[in-house]
Structure formats: C-alpha cells, structure tokens
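Chains, contacts and geometry: an overview
Chain by chain, the residues:
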Amino acid sequence: MNQKIAIIGLGYVGLPLARLFATKYDVVGVDINQNRVEELRSGTDSTLEVEDHVLKAVLKTENNSQKGLYCTTDINDAIDATIFIITVPTPVDKNNRPILTPLYKSSEAVGSVLKKDDIVVYESTVYPGATEDDCVPVLEKYSGLIFNRDFYVGYSPERINPGDKKHTVEKILKVTSGSTPQTGKIVDDLYKSVIEAGTHLAPSIKVAEAAKVIENSQRDINIAFVNELAKIFNKLGIDTAAVLEAAGTKWNFLPFKPGLVGGHCIGVDPYYLAQKAQEVGYHPEIILAGRRMNDGMGTYVASEIVKLMLSKDIAVKNSEILVLGITFKENCPDVRNTKVVDVVRNLEDYGIKVDIHDPLAKPDEVMHEYGLSSTMTVPKKKYDAIILTVSHQEFADLDLASISKDTVAIYDVKGFLGDKADKKL
C-alpha cells in the first residue's frame with residue numbers, strides 16, 4: 001500500500017494511531033491546537049500516551065513522501081492524502097446531549113481537501129447512523145463530491161485505554177467497516193497492516209458504531225451495579241471489596257469495582273445511545289438508570305467523608321481536606337469530565353476548605369476546565385481529612401502521616417491505600 005494517511009486530531013486517540021501508522025506509511029497529523037503541534041514537533045507528548053523516544057523515532061520535519069509522521073495545524077498539508085482518519089472528541093453538554101461540533105468542524109476541514117476516490121474513516125464515538133446521516137452531508141457540501149461515487153467513508157471505533165501501557169493501540173483488536181464492501185475491505189486491510197491483534201470487519205458502518213457505543217454502556221451499567229452494592233453493603237456494615245473478592249471466585253463473575261465514573265468514554269457514550277433511542281421513540285430505562293447512579297456518586301462520596309469525620313469528632317465546617325487525584329482515571333493526566341470535581345464541589349458546600357494534589361494533572365488545565373487550584377507537588381501542611389480519589393502509582397509511597405493532623409479521617413475511594421485508610425467505598 002502506498003497511501004498517504006492524514007490523522008485529524010492528535011490527542012489521546014489520534015497520536016498513538018498516527019505514531020503506529022507512521023512506522024509503515026507517510027502520515028500527516030493535523031491538530032487545531034498550535035501548542036500541541038509544537039510540543040509534538042519537539043518530540044514530547046504531554047498526554048503520556050507515546051513515550052518521547054518512540055515519538056521521535058517516527059517524527060519527520062518535512063511533509064515528504066517518506067514514511068514517518070509530520071505534524072501540522074494546516075489541513076492543506078494533507079491535500080495529497082488518500083485516507084483521512086478523524087479522531088476528534090465527541091463530548092456532551094451540561095444537559096448530557098451529544099455535542100457533534102468537533103466532528104462537524106473536522107468534516108468541513110477534510111471536505112475542503114477531499115478528492116475523488118479518497119476514503120474518510122471516523123474513529124470518534126457516535127450514535128448509530130451519525131457517520132452517514134450527519135458527517136457525510138458535511139463532506140459532500142464542502143467537497144462538492146458525491147458520496148459512494150466520488151468518495152467513500154469507513155468507521156473504525158477507537159479502543160484506546162488512556163494510561164494503559166499494556167493494552168496499547170496495536171494490541172487491541174480493531175473493529176472496521178466501510179460504506180461499500182470494497183471500501184470495507186480497503187479499511188480493514190489498512191488497519192490489519194499495523195494492528196497486531198487483528199481486525200473484525202463489521203457488515204455495516206451502523207453495526208460498527210453501535211458496537212462501540214454499547215461497549216462503554218455495558219461497562220457503565222456494570223459499574224453502576226457495584227456502586228449500588230457498595231451503598232447497600234455500607235448500610236449493612238459489610239466490606240464491599242471482600243464481597244466482590246468472594247463472588248469473584250466463580251468463573252463467570254464479572255470483576256467490576258465501585259468508584260467514580262468519568263472520562264470522555266464511559267461517562268459520555270451511554271448518553272449518545274440514549275439520545276438516538278429517544279429519537280426513535282424508545283426510553284432506555286436501564287442505560288439511564290446506570291448513568292443516574294454513577295453521576296450521583298460524587299455526592300455520595302462527599303457525604304460518606306463527612307460522616308467519617310463526624311464519627312472521629314472532627315469539626316466539619318472550616319476543616320481542611322486534601323484530595324489525592326483530580327484526573328478521570330489512574331496514571332493518566334487527562335482531567336476531562338472527571339467526577340472528582342463532584343466530590344470537591346460537594347465538600348465545599350459543607351464549608352470545607354479543599355486542596356487538590358495530583359502529580360500528573362497540569363494545574364493550568366484544571367483551572368481552565370473547572371476553575372479549581374491544584375498542585376503537582378505534595379502540600380506542606382497537615383489536614384483534617386485525606387481522600388484518595390485516583391489511584392496514581394505515585395500515591396503508593398506517599399507518607400500520609402506527614403500531612404495528617406493528630407486526628408485525621410482517611411477515605412479511600414479506590415481501595416488503594418489498604419490499612420492506611422479508615423474507610424473505603
């Protein structure tokens with residue numbers, strides 16, 4: 001294959017994919033964030049998904065025909081590409097309605113340079129039908145070309161697991177699809193050429209879209225179930241972790257743990273499926289019930305912390321609490337849609353002074369996203385309560401005694417601190 005590939009969006013999904021393709025193909029990576037492009041050109045990835053030496057090994061300074069990755073903010077640098085892969089985020093608004101603006105904008109950009117026989121592949125998580133019903137018309141409008149005559153589309157949902165150094169992009173089986181059987185075969189062969197784990201060619205784009213959106217919906221529902229169990233067992237005075245460990249001895253028991261469910265996948269994708277279901281006249285009760293349970297866990301955790309403080313005769317109002325971790329998951333610097341913020345907001349409603357420490361989250365990003373101050377270094381003060389909300393590996397060796405008052409309440413959301421914690425979720 002001699003295709004030139006353009007990757008639109010160089011974030012947690014796009015960069016690892018671009019790096020992988022660049023080991024065999026001529027790749028141009030396009031991102032609208034000038035600072036992001038400049039950091040990548042210098043050989044550094046602040047998302048920590050691609051190690052610097054691995055990134056530098058594929059980077060090239062010129063947009064030529066040799067294999068490697070050229071990063072740019074100009075879509076015109078991709079004008080000679082034959083395959084365009086769109087990997088932009090698909091968030092929800094404050095009312096949990098899908099926001100397709102990044103998808104539309106990137107489709108407009110690609111449409112402006114689209115040529116006859118080009119293929120556009122979408123990786124962003126969407127509801128079934130979005131690629132052909134919402135994105136294709138934008139491509140047609142801005143290119144002047146006719147779908148499935150002049151250009152073609154595919155869908156291959158991303159399965160990146162941020163922060164996971166074991167299940168990297170090439171080691172995760174890839175679902176592929178195309179708008180025609182021939183396109184599906186081309187898209188499948190392209191991914192198969194770099195994905196060690198292999199591929200699965202779905203019979204249609206809608207099937208591939210639906211498969212992706214139910215993957216995270218299923219996880220969301222399962223976590224909601226164990227979150228509800230945690231609430232029940234807490235009232236019964238039973239150790240939830242011990243219950244799950246015992247139940248897990250059965251071969252077909254699913255090993256999910258309670259916690260805060262955020263991020264730009266599990267905490268968002270169910271709303272995309274729910275939106276489409278409601279559009280066709282069906283109210284998805286189980287999916288939305290799971291979302292309500294998980295969206296309410298921040299409030300629950302805050303109330304449990306306050307109860308723990310009161311049980312130890314620690315005055316709540318004007319007390320000082322340290323929150324360990326603000327990212328949406330462990331060993332990852334991504335703060336988008338983190339549910340730790342819900343814990344912080346609820347604690348502040350009790351009149352508590354909250355400090356946030358996260359060794360991976362950039363303070364300027366936390367401030368930009370949530371208006372909250374955070375530190376990457378451990379504060380040099382002592383606290384009335386400490387809450388571990390994210391199990392970063394850096395917290396394993398943290399000396400809690402050095403930041404604790406004589407009487408301190410330690411709450412562990414993730415079951416990471418072991419005997420150091422007074423209580424866990």
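Residues numbered from 1 in each chain as written. Predicted model: local features only at pLDDT ≥ 70, side-chain atom pairs only at ≥ 80, totals over all residues. Heavy atoms only, no water.

**Brief notes about the overall build of the protein chain**
The helix and strand inventory of the protein chain stands at 13 helices and 13 strands. On C-alpha atoms alone, the protein chain measures out to a radius of gyration of 23 Å, which is about the 22 Å that the 2.2 N^0.38 rule sets for 425 residues. Taking the principal axes of the C-alpha coordinates as reference, the protein chain spans close to 70 × 50 × 40 Å. Each of the 425 residues in the protein chain was classed as buried or not, and the buried ones make up 55%. Roughly 19,100 Å² of accessible area belongs to the protein chain as shown, and the carbon and sulfur atoms make up 53% of that amount. Taking the average location of the 49 positive side-chain charges in the protein chain and that of its 59 negative ones, the two points are 2 Å from each other. (Helix = DSSP H or I, 4+ residues; strand = E, 2+ residues; numbered from the N terminus. Rg over C-alpha atoms; globule rule 2.2 N^0.38 Å. Buried < 20%, exposed > 50% of the residue type's maximum accessible area, 1.4 Å probe, protein only. Areas by Shrake-Rupley, 256 points an atom, 1.4 Å probe, with all protein chains shown as cover. Lys, Arg positive; Asp, Glu negative; His and termini not counted. Charge placed at Lys NZ, Arg CZ, Asp CG, Glu CD.)

**Digging into the packing of aromatic side chains**
This structure, assessed with the given rule, holds 4 aromatic pairs. A network of ring pairs unites the aromatic residues Phe-21, Tyr-25 and Tyr-191 as a single cluster. Here Lys-250 stacks its cationic end above the ring of Trp-251, 5.4 Å away from the centre of that ring. (Phe/Tyr/Trp six-rings, centres within 6.5 Å; stacked < 30°, edge-to-face > 60°. Lys NZ or Arg CZ within 6 Å of the ring centre and 35° of its normal.)

**Some words on the sheet that holds strand β13 (residues 423-424)**
Pairing is parallel across the open sheet formed by 5 strands, whose spatial order is β10-β9-β11-β12-β13. Every interior strand has two partners, whereas the edge strands, β10 (353-357) and β13, have only one. For strand β12 (residues 404-412) and β13, the ladder comprises 2 bridges, and the chain directions are parallel. Bridge pairing links Tyr-411 to Lys-423 in β13. On top of the sheet, helix α11 (residues 297-311) reaches β9 (320-324), β11 (383-388), β12 and β13; it is set at about 145 degrees to β12, its chief contact. (Pairing = 2+ DSSP bridges. Contact = heavy atoms within 4.5 Å. Axes fitted to C-alpha atoms, helices over the stretch in contact; angles between N-to-C directions.)

**Topic: the packing of helix α7 (residues 205-236) against α11**
In contact at an axis separation of 12 Å, α7 and α11 are set at 25 degrees when each is read in the N-to-C sense. Taken together, the axes of α7 and α11 lie roughly parallel to each other. α11 is crossed by α7, and the crossing has left-handed handedness. Contacts from Asn-227, Ala-230, Lys-231 and Asn-234 in α7 reach Met-297, Tyr-300 and Glu-304 in α11. Taken together, the residues of the contact of α7 with α11 sort by class into 3 nonpolar, 2 polar and 2 charged. (Parallel < 35°, antiparallel > 145°, perpendicular 65-115°, else oblique. Left-handed = near helix turned anticlockwise from the far one by under 90°. Nonpolar A, V, L, I, M, F, W, Y, C, P; charged D, E, K, R; others polar.)

**Considerations on unusual backbone geometry**
Even without a glycine there, the phi angle at Asn-318 is positive, about 70 degrees. Inspection of the secondary structure assignment puts Asn-318 in the loop between α11 and β9.

**Concerning the state of the cysteines**
All chains considered together, the criterion is met by 0 disulfides. Here Cys-71 is not cross-linked by a disulfide; its sulfur's nearest cysteine counterpart is in Cys-332, at 20 Å. (Disulfide = S-S within 2.5 Å.)

**Some points on the sheet that holds strand β6 (residues 152-155)**
The 6 strands lie next to each other as β3-β2-β1-β4-β5-β6, forming an open sheet whose pairing is parallel. Strand pairing shows two members of the sheet lacking a second neighbour, β3 (68-72) and β6, which therefore form its edges. Averaged over all neighbouring strand pairs, the angle between strand axes comes to 20 degrees, with direction disregarded. Bridge count for strand β5 (residues 119-122) against β6 is 4 bridges, and the pairing is parallel.

**With respect to the domain arrangement of the protein chain**
Interface size, as often reported, equals the accessible area lost upon joining of the parts. Its domain assignment divides the protein chain into domain 1 (4-203) and domain 2 (296-424). The distance between the C-alpha centroids of domain 1 and domain 2 comes to 36 Å. Taken together, the contact between domain 1 and domain 2 spans 9 residues of the former and 9 residues of the latter. At the junction of domain 1 and domain 2, the tally comes to 0 salt bridges. Counting across the interface, domain 1 meets domain 2 through 2 residue pairs in polar contact (both at pLDDT 80 or more). (Domains from an automatic or database assignment. Salt bridge = Lys/Arg side-chain N within 4 Å of Asp/Glu carboxyl O. Polar contact = N/O pair within 3.5 Å; in protein donor to acceptor, adjacent residues only side chain to side chain.)

**With respect to the pattern of salt bridges**
Taken as a whole and assessed by the stated rule, the structure comprises 28 salt bridges. Asp-26 is the salt-bridge partner of Lys-60, the closest N and O atoms lying 2.5 Å from each other. Here Lys-60 is found in the loop between α3 (52-58) and β3, whereas its partner Asp-26 is found in strand β2 (residues 26-30), with 34 residues between them in sequence. You'll find Lys-60 and Asp-26 in the same group, each marked buried. Of the charged contacts in the structure, one is a salt bridge between Lys-116 and Asp-150, with a shortest N-O distance of 3.3 Å. On the criterion of sequence distance, the pair formed by Lys-116 in the loop between α4 (101-113) and β5 and Asp-150 in the loop between α5 (130-143) and β6 is long-range, its members being 34 residues apart. Residue Asp-150 is classed as buried on the basis of its relative accessible area, which comes to 7%. Each of the salt bridges in this network shares a partner with another, and the network as a whole consists of Lys-4, Asp-26, Lys-60 and Asp-80.

**What about a nonpolar patch on the surface?**
Residues Ile-232, Leu-236 and Ile-238 make up a contiguous nonpolar surface patch of roughly 270 Å² in combined accessible area. Counting through the fold element by element, Leu-236 comes out in helix α7. Looking at Leu-236, the relative accessible area reads 56%, which means it is exposed. (Patch = residues over 30% accessible without salt bridge, like charges linked within 9 Å, V, L, I, M, F, W, Y side chains within 5 Å.)

**What to know about the side chain of Asp-134**
Within the secondary structure, Asp-134 sits in helix α5. Within the buried core, Asp-134 has no salt-bridge partner, and the shortest N-O distance to an opposite charge, that of Lys-276, equals 5.8 Å. At 2.7 Å, the side chain of Asp-134 and the side chain of Tyr-127 are in polar contact. Ignoring sequence-local partners within four residues, the contact set of Asp-134 consists of Leu-100, Tyr-104, Tyr-127 and Gly-129.

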